[in-house]
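Here is what each chain is made of, one letter per residue.
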Amino acid sequence: MTSETVFVEQCKGINGLDKVVLREVRGSSAEVYLYGGQVTSWKNDHGEELLFVSSKAPFKPPKAIRGGIPICFPQFGSHGLLEQHGFARNRFWSIDSDPPPFPTTSSNKAFVDLVLKHSEEDTRIWPHRYEFRLRVALGPGGDLMLTSRIRNMNTDGKAFTFTFAYHNYFSVSDISEVRIEGLETMDFLDNLQNRQRFTEQGDAITFESEVDKVYVSTPTKIAILDHERKRTLVLRKDGLPDAVVWNPWDKKAKAIPDLGDDEYKHMLCVEAAAVEKPITLKPGEEWKGRQEISAVPSSYFSGQLDPKKVFQGS
Ligand code: TA6
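Residues numbered from 1 in each chain as written. Predicted model: local features only at pLDDT ≥ 70, side-chain atom pairs only at ≥ 80, totals over all residues. Heavy atoms only, no water.

1. What to know about the overall build of the protein
Here is step 1 of the chain: A tally of regular secondary structure across the protein gives three helices and 20 strands.
Here is step 2 of the chain: On C-alpha atoms alone, the protein measures out to a radius of gyration of 19 Å, which is about the 20 Å that the 2.2 N^0.38 rule sets for 314 residues.
Here is step 3 of the chain: C-alpha extents for the protein along the principal axes are approximately 55 × 50 × 35 Å.
Here is step 4 of the chain: Looking at the protein as a whole, 54% of its 314 residues qualify as buried.
Here is step 5 of the chain: Carbon and sulfur atoms make up 48% of the accessible area of the protein, which totals about 14100 Å².
Here is step 6 of the chain: With 40 positive and 44 negative side-chain charges, the protein shows a spacing of 3 Å between the two charge centroids. (Helix = DSSP H or I, 4+ residues; strand = E, 2+ residues; numbered from the N terminus. Rg over C-alpha atoms; globule rule 2.2 N^0.38 Å. Buried < 20%, exposed > 50% of the residue type's maximum accessible area, 1.4 Å probe, protein only. Areas by Shrake-Rupley, 256 points an atom, 1.4 Å probe, with all protein chains shown as cover. Lys, Arg positive; Asp, Glu negative; His and termini not counted. Charge placed at Lys NZ, Arg CZ, Asp CG, Glu CD.)

2. Remarks on the site of the ligand
Here is step 1 of the chain: Every residue near the ligand is listed here: Arg-66, Phe-76, Gln-84, His-85, Arg-89, His-167, Asp-212, Val-244, Trp-246 and Glu-271.
Here is step 2 of the chain: Here an oxygen atom of the ligand and a side-chain polar atom of Arg-66 are 3.0 Å apart.
Here is step 3 of the chain: A total of 390 Å² of accessible area belongs to the ligand in isolation, and the protein chains cover 82% of it.
Here is step 4 of the chain: Residues of the shell around the ligand, tallied by class, amount to three nonpolar, three polar and four charged. (Near = heavy atom within 4 Å. Polar contact = N/O pair within 3.5 Å; in protein donor to acceptor, adjacent residues only side chain to side chain. Nonpolar A, V, L, I, M, F, W, Y, C, P; charged D, E, K, R; others polar.)

3. Examining the sheet that holds strand S3 (residues 29–33)
Here is step 1 of the chain: Here four strands make up an open sheet; going across it, the order is S1-S2-S3-S4 and the pairing antiparallel. At either end of the open sheet lies a strand with only one pairing partner, and these are strand S1 (8–12) and strand S4 (38–43). Averaged over all pairs of adjacent strands, the angle between strand axes in this sheet comes to 20°, irrespective of strand direction. (Pairing = 2+ DSSP bridges. Axes fitted to C-alpha atoms, helices over the stretch in contact; angles between N-to-C directions.)

4. Structural notes on unusual backbone geometry
When glycine is set aside, most residues are seen to have a negative phi, and most peptide bonds are trans.
Here is step 1 of the chain: Here the amide bond leading from Pro-61 into Pro-62 is cis, since omega sits at 10°, within 30 degrees of zero.
Here is step 2 of the chain: In this fold, Pro-62 is placed in the loop between S4 and strand S5 (71–72).
Here is step 3 of the chain: Here the amide bond leading from Phe-73 into Pro-74 is cis, since omega sits at 0°, within 30 degrees of zero.
Here is step 4 of the chain: Structurally, Pro-74 is set in the loop between S5 and strand S6 (94–95).
Here is step 5 of the chain: The phi angle at Thr-185 is positive, at roughly 70°, despite the residue not being glycine.
Here is step 6 of the chain: As for its position among the elements, Thr-185 is in the loop between strand S12 (178–181) and strand S13 (187–190).
Here is step 7 of the chain: For Arg-195, which is not glycine, the phi torsion reads 60° and is therefore positive.
Here is step 8 of the chain: Looking at where Arg-195 falls in the secondary structure, it is placed in the loop between S13 and strand S14 (196–199).

5. Here we look at the sheet that holds strand S8 (residues 130–138)
Paired through backbone hydrogen bonds, the strands of a sheet run either parallel or antiparallel to each other.
Here is step 1 of the chain: Judged by pairing direction, the sheet is antiparallel, and its eight strands sit side by side in the order S6-S7-S8-S9-S20-S17-S16-S12 without closing on themselves. In this open sheet, the two strands that pair with only one neighbour each are S6 and S12.
Here is step 2 of the chain: Summarising the sheet, S12 and strand S16 (residues 221–226) pair through four bridges and their orientation is antiparallel. Bridge pairing in S16 places Arg-179 opposite Leu-225.

6. Structural notes on the packing of aromatic side chains
Here is step 1 of the chain: Inspection of every chain in the model, using the stated rule, returns 21 aromatic pairs.
Here is step 2 of the chain: Ring centres 5.5 Å apart and planes at 65° place the aromatic pair Phe-73 and Tyr-130 in the edge-to-face group. Here Phe-73 is found in the loop between S5 and S6, whereas its partner Tyr-130 is found in strand S8, with 57 residues between them in sequence. Neither residue differs from the other here; Phe-73 and Tyr-130 are each classed as buried.
Here is step 3 of the chain: Seen from their ring centres, Phe-188 and Phe-198 are 5.7 Å apart, and the 35° between their planes marks the pair as tilted. (Phe/Tyr/Trp six-rings, centres within 6.5 Å; stacked < 30°, edge-to-face > 60°.)

7. Quick notes on the side chain of Asp-96
Here is step 1 of the chain: Note on placement: Asp-96 falls in the loop between S6 and strand S7 (110–117).
Here is step 2 of the chain: Separated by 2.6 Å, the side chains of Asp-96 and Arg-133 make a polar contact.
Here is step 3 of the chain: With sequence-adjacent residues up to four places away left out, Asp-96 is seen in contact with Asp-113, Leu-114, Val-115 and Arg-133. (Contact = heavy atoms within 4.5 Å.)

Everything listed here is a matter of coordinates, which is why it stays silent on function.
This is the structure in structure tokens:
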């Protein structure tokens, strides 16, 4: 691309839904739907898609979009009384043209600020006033950064509590050939066994059946190694202590209407989350949760969790 790069473009997506396309000079791009405030595409500078979106995703509100990066708020999963994964993923977000400044100034040109605020209807199911600001940014090297800032706007003096996740669906060549590094020896709550707590073995995580686990108090860096694609995705997170790993495998995939029967082979959810210890905000308080994902060549070798070293080739 040349100096004519359009860094941010607002246009219509599937079914006429509003979306924003972010582009960087070297050719990487991302797409964000206002419906759900959801990233649905992230491509590297070769134009290769790094996220998974189901071929059966109808892109029809009020159903959440199956794939990309759904935002789970104010509830992750069924950890509460609200609908599964809360309501943020099936609300229409707005573009925030005048967001409060970020503490660090960044030179990124490809970014969009979205905002979701309480509605009268929602206060009936979750009786709180809030402002949720989401910045989606594409770095010059193609890194995808999501920053959430959630503020308690209650005027009745009441605190509120929530759980949260960036429900990342990554595209993988073959789930049986992929492994995750950075979660070995971690404790996890197993959703397939009544959220009982276990400790992971010392080996990298591989897949041969359904997995639905919440790893708690995890390191800030997690790597997803895809040998066939010769690619490693590195997830860095801040303010999000937990990491959810999910693949429905064959039986559950068949039971999910907006997922193709065999699509589980090409997706893996590794989610930056705050689940085990819900976050409480008093009126006026703000919480920040950030994730940054990078795709690096698979010269990235086992046990080396510093992506900077990979870029430098050391
Ligand atoms: O993040 C894992 C999980 O909570 C699983 O339990 C699984 O149900 C998945 O999310 C998808 O949930 P959804 O409501 O989008 O079908």
